[in-house]
Amino acid sequence: MMRRFGSAMAASLVAARSASNLVKTFDRNTYTPSATEAKRHGKQRLTAMERVQLFCDPGTFRERDALVEHECHNFDMHKKKIAGDGFITGTGKVFGRPVFLFSHDFTVLGGSLSGTNAAKVVKIMDEAAKIGIPLIGFNDSGGARIQEGVVSLAGYADIFLRNTLFSGVIPQISVIMGPCAGGAVYSPAITDFTFMVDQSSYMFVTGPEVVSAVGGKLVTKDELGGPKIHGSKSGVSAGTFPNDLVALAQLRKLYTYLPLSNRDPAPVVKTTDSRFRNVDSLNTVVPFDTKEAYDIRDAIFPVVDAESFFEIQPQFAKNIVCGFARVEGRTVCIIANQPKVQAGVLDIDSSVKAARMVRFADAFNIPILTFVDVPGFLPGVQQEYGGIIRHGAKLLYAYAEATVPKITIITRKAYGGAYDVMSSKHLRGDSNYAWPRAEIAVMGATGAVKILYPKETLEQQAVRVKDYETAFCTPLSAARKGYVDAVIQPSETRLRVCEDLERLSRKQLSNPWKKHGNIPL
Ligand code: HXC
């Protein structure tokens, strides 16, 4: 892990942000950081310009509106005019594909949002949507520029509106690389993915001072809204990176999975990974004992192209695994119950996590590959009080409305309502497979027998359990009804998925006309 910025970093640093530098040609060999930049590097942070330059392919970033200034006169602000006003906006390329970007410069009035800055962001957002190119924002800001009052609030609202209108039109990604507080958090919250950087970033609606004044509880910024909290508890963050450099590198990687817009296909990457590759290891992934845990990633990795899995929200709701991968170079979204954590049960957090991934995939025409090993929905007072009914319904709704190719592999358990929810045939799954030891039933044998034969002795119930397992805990009754298309050997899975994705690339399906649905929020 890169904890410090070394000489490689220095070699790729870009011109300091000042009006004179805007017209200078940058020379990587002779560059020395300014005092402000050195201070940022001392705090393990890059400057706003370094972030965009390092994110884009070398030499491709083109800045917009670098000379605009704010128009505020309150609080002597006319004496604090800086070219560009502290937000960097522009276009660039990532592995040759276009991107729009903005980057807050914390060294200019705390990266605060002025009316001028908002207009700069709105300008590139409108253009990004018009052309169909994703928007990435590097957030590092003290929020609304206090000196500008309501003008700044209006600017935020202009951005929120566009975040919303362009949701599902172009991918939008936020990276929090410093403060992000107050209403400012709502722009990242509407974007598709929000990433955070360890040690330097935090997000909250109200800061520690207000929290302690209102509730009397003393908390630090990190405890309230640091990357750990949003990565593992709140689910706000899609992932945490150890520092700016890793964040930028990983974001470039993520970009390679995404289509430019909802009108474009996702990029197809050339691969030598054959559909006939031996994946016999899949035959032994599921333990013989049905109660024994295993890591669903051991089923995912052999099926998708080598080294292609990019996990989203790895620390949040670990009982479901979500991410991007490639199959024969084509992007797919992965949703997989994780038997290693809480037996892969569906609860509030895992339902919402997966629902959001399904909706992203559907909005951007990315096929969904679902791995099912789920004992059902988590029972409990906390879950019911917390609204597992409406949160679980989100996942059901998301899968049901999704029209992209949907391939489902039941590796082991598919019990109860969770069987229906997890991309079942009944929700328009295109190819639904079960591995030979799959158990597709209303519930597990022991639970069923206790309900059906409560008065019988333990010995009698044990016999009933065996009978129930033989009759129901198999994929056969579902296969006989056509609810699974085939019972396949695990080692056939990659080949089947490759063949299906190839065929389904021609799939066309649309839902009844509506203004929009009313997903249970
Ligand atoms: C104008 C600001 C500013 C702001 C910081 N600065 N935030 N200027 N408007 N919102 C300036 C500081 O005055 C300072 O200027 C410089 O930026 C660096 O700030 P520091 O406080 O020295 O930095 P640091 O100690 O790192 O603290 C960072 C900070 C803190 C935690 C972000 O600055 C802070 O609390 N700022 C205010 C945050 C806030 O309440 N914002 C409004 C949120 S409400 P000098 O000249 O001294 O270098 C909101 C509403 C959005 O945003 C609503 C949307 C609907």
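Residues numbered from 1 in each chain as written. Predicted model: local features only at pLDDT ≥ 70, side-chain atom pairs only at ≥ 80, totals over all residues. Heavy atoms only, no water.

An unreviewed UniProt entry lists the protein under the name Propionyl-CoA carboxylase beta chain, mitochondrial, with Strigomonas culicis as the source organism. If you open the UniProt record of the protein and go to Pathway (unreviewed entry), you find "Metabolic intermediate metabolism; propanoyl-CoA degradation; succinyl-CoA from propanoyl-CoA: step 1/3." In its Subunit (unreviewed entry) section, the UniProt record describing the protein reads: "The holoenzyme is a dodecamer composed of 6 PCCA/alpha subunits and 6 PCCB/beta subunits." (UniProt positions renumbered as here; feature names shortened; annotations may be inferred.)

Q: Help me get a handle on the overall build of the protein, residues and values and all.
A: Broken down by element type, the protein carries 19 helices and 17 strands. Expressed as lengths along the three principal axes of its C-alpha atoms, the size of the protein is roughly 85 × 55 × 50 Å. For the protein, buried positions account for 53% of its 521 residues. A sequence separation of at least 24 residues applies to 73% of the contacts in the protein between residues at least 6 apart. About 23700 Å² of surface is accessible on the protein, with carbon and sulfur atoms providing 57% of the total. Taking the average place of the 62 positive charges on the side chains of the protein and the average place of its 51 negative ones, the gap between the two points comes to 2 Å. (Helix = DSSP H or I, 4+ residues; strand = E, 2+ residues; numbered from the N terminus. Buried < 20%, exposed > 50% of the residue type's maximum accessible area, 1.4 Å probe, protein only. Contact = heavy atoms within 4.5 Å. Areas by Shrake-Rupley, 256 points an atom, 1.4 Å probe, with all protein chains shown as cover. Lys, Arg positive; Asp, Glu negative; His and termini not counted. Charge placed at Lys NZ, Arg CZ, Asp CG, Glu CD.)

Q: I'd like to hear about the site of the ligand, residue by residue, with values.
A: In the neighbourhood of the ligand, 18 residues make up the surrounding shell, with G110, G142, A144, I146 and Y202 lying closest. Between G110 and the ligand, the recorded distance is 2.9 Å, taken from a backbone N or O atom to an oxygen atom. Measuring from a nitrogen atom of the ligand, one finds a backbone N or O atom of I146 at 3.1 Å. Relative to its free-state accessible area of 1000 Å², the ligand is covered by the protein chains to the extent of 51%. (Near = heavy atom within 4 Å. Polar contact = N/O pair within 3.5 Å; in protein donor to acceptor, adjacent residues only side chain to side chain.)

Q: Give me the packing of aromatic side chains: which residues, what numbers.
A: One pass over the structure, following the stated rule, counts 13 aromatic pairs. With a centroid separation of 6.4 Å and 85 degrees between ring planes, the pair formed by F55 and Y255 is classed as edge-to-face. A residue pair is termed long-range when its members are at least 10 positions apart, and F55 in helix α3 (residues 48–55) and Y255 in helix α10 (residues 244–255) qualify at 200 residues. Comparing F55 with Y255 shows no difference in burial state: the two are buried. Judged by centre distance (5.8 Å) and plane angle (85 degrees), the rings of F324 and F360 are edge-to-face. Taken as a pair, F324 in strand β11 (residues 320–327) and F360 in helix α12 (residues 348–363) lie far apart in primary sequence, 36 residues in all. Overall, the relative accessible area of 5% leaves F360 in the buried class. Taken together, the aromatic side chains of F193, Y257, F310, F324, F360 and F364 make up a single cluster linked through ring pairs. In this structure, R252 is placed above the aromatic ring of F95, and the distance from its NZ or CZ to the ring centre is 4.3 Å. In this structure, R464 packs its charged tip against the face of Y453, placed 3.8 Å from the ring centre. (Phe/Tyr/Trp six-rings, centres within 6.5 Å; stacked < 30°, edge-to-face > 60°. Lys NZ or Arg CZ within 6 Å of the ring centre and 35° of its normal.)

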